[in-house]
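# Architecture and fold: a report
These are the residues of each chain, in order.
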Amino acid sequence: MTPLRQRFVEDLRLRNRAPRTIDAYVAAVALFARHFGRSPEILGPENIRAYQLHLIERGVAWSTYNQAVCALRFLYGITLGRPEQVAFIPFGKRPKKLPCVLSPDEVLGLLDAAEPGRERVMLQTTYACGLRIEELLHLQVPDIDSRRMVVQVRSGKGQKDRLVPLSVRLLEELRAYWRLERPRSWLFPNATQTGPWHAGTLQRRFGQVVQRAGLTKPATLHTLRHSFATHLLEAGVDVVTVQRLLGHRQLSTTAVYLHLRSDHFRRLPSLLDLLGVPLQPSTGEGRP
């Protein structure tokens with residue numbers, strides 16, 4: 001490890017950045033340096049500008065582009081002590097896309113399609129508690145507090161702990177899973193019990209479950225978290241409570257789910273019905 005990389009990692013650790021964030025930032029800076037074949041210490045604003053244009057021309061995802069921006073802004077602003085250069089590293093505009101949300105029936109079909117045991121319990125826990133994938137994988141056995149009927153979510157995004165309710169049904173499922181698997185420390189351990197399951201493995205397994213369930217929506221594991229938030233709002237839970245359960249810092253982040261409530265749309269008047277437009281005779285062909 002070069003001295004610059006060592007200092008970069010140390011600076012990130014001093015600011016309590018998550019291990020995944022550190023790995024992602026280091027990888028982003030390494031790609032930047034490899035692109036020019038030189039150390040970032042001798043690269044300046046024009047090189048950064050050229051690299052950002054290179055990423056745009058490659059058509060990388062917004063998340064990849066802005067992750068590189070965050071890494072470079074930290075590197076030059078903190079580690080290299082050149083805060084004046086940060087202004088020359090602009091963020092990209094985030095596309096405003098609505099998240100994919102499943103209906104309760106679709107969630108039920110997804111859970112039924114999962115293999116009984118660990119796979120199904122992991123999806124049940126994700127949906128019932130509104131967890132991110134890393135929060136799910138880093139649950140430990142003592143985090144399930146059956147006395148208080150809560151789940152302790154440790155070191156969530158932004159290194160924030162929070163509590164989420166533990167339903168009676170989920171507790172029963174977790175107890176049945178524990179009797180079968182007997183996890184010692186990690187609730188969902190890897191094969192050697194030395195750490196949690198790998199996120200990539202779980203994502204691949206989830207993709208297989210989506211196919212078995214016959215879902216056509218672009219669902220990922222995070223879709224269960226989106227569905228959790230939307231279904232709570234549809235059930236009448238206030239948005240501030242949902243914000244706390246999700247661990248969002250800003251209420252505006254949670255407010256996105258207000259636009260996804262199907263019950264809200266069902267209460268709106270149908271303009272065609274108000275006009276009295278007659279129905280066209282059905283031919284029995286085609287799709288709406």
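Remember, predicted model here, so these are calculated numbers, not experimental data.

Cut-offs applied
- Residues numbered from 1 in each chain as written.
- Predicted model: local features only at pLDDT ≥ 70, side-chain atom pairs only at ≥ 80, totals over all residues.
- Heavy atoms only, no water.
- Helix = DSSP H or I, 4+ residues; strand = E, 2+ residues; numbered from the N terminus.
- Buried < 20%, exposed > 50% of the residue type's maximum accessible area, 1.4 Å probe, protein only.
- Pairing = 2+ DSSP bridges.
- Phe/Tyr/Trp six-rings, centres within 6.5 Å; stacked < 30°, edge-to-face > 60°.

## Here we look at unusual backbone geometry
The backbone of Met149 shows a phi angle near 55 degrees, a positive value even though the residue is not glycine. For Arg182, which is not glycine, the phi torsion reads 50 degrees and is therefore positive. For Arg182, the location among the structural elements is in the loop between helix H8 (168–181) and helix H9 (199–213). What makes Arg182 partly exposed here is its relative accessible area of 47%.

## Details of the pairing of strand E2 (residues 150–153)
When strand E1 (residues 144–145) meets E2, the two strands line up antiparallel, connected through 2 bridges. Opposite Ile144, over in E2, you have Val151 as the bridge partner. Linking E1 to E2, which pair antiparallel, is a turn of 4 residues; within it Met149 sits at a positive phi near 55 degrees. With 4 bridges connecting them, E2 and strand E3 (residues 162–165) associate as antiparallel partners. Bridging from a neighbouring strand, Val151 pairs with Val164 of E3.

## Topic: the packing of aromatic side chains
As enumerated under the stated definition, the model contains 4 aromatic pairs in all. On the numbers, 5.9 Å between centres and 65 degrees between planes, the contact of Phe8 with Phe74 is edge-to-face. One end of the pair, Phe8, is in helix H1 (residues 3–14); the other, Phe74, is in helix H4 (residues 62–79), with 66 residues separating them in the sequence. Given the relative accessible area of 3%, Phe8 is considered buried. Between Phe32 and Tyr51, the ring centres sit 5.2 Å apart and the planes meet at 70 degrees, which makes this aromatic pair edge-to-face. Remark: Tyr51 occurs in helix H3 (residues 45–58) and Phe32 occurs in helix H2 (residues 19–36); sequence separation between them is 19 residues. Pairwise contacts between aromatic rings join Phe32, Phe36 and Tyr51 into one cluster.

## Points about the environment of His259
Residue placement: His259 occurs in the loop between helix H12 (251–255) and helix H13 (262–266). Taking C-alpha positions, His259 is 29 Å from Cys70, a pair spaced 189 residues apart along the chain.

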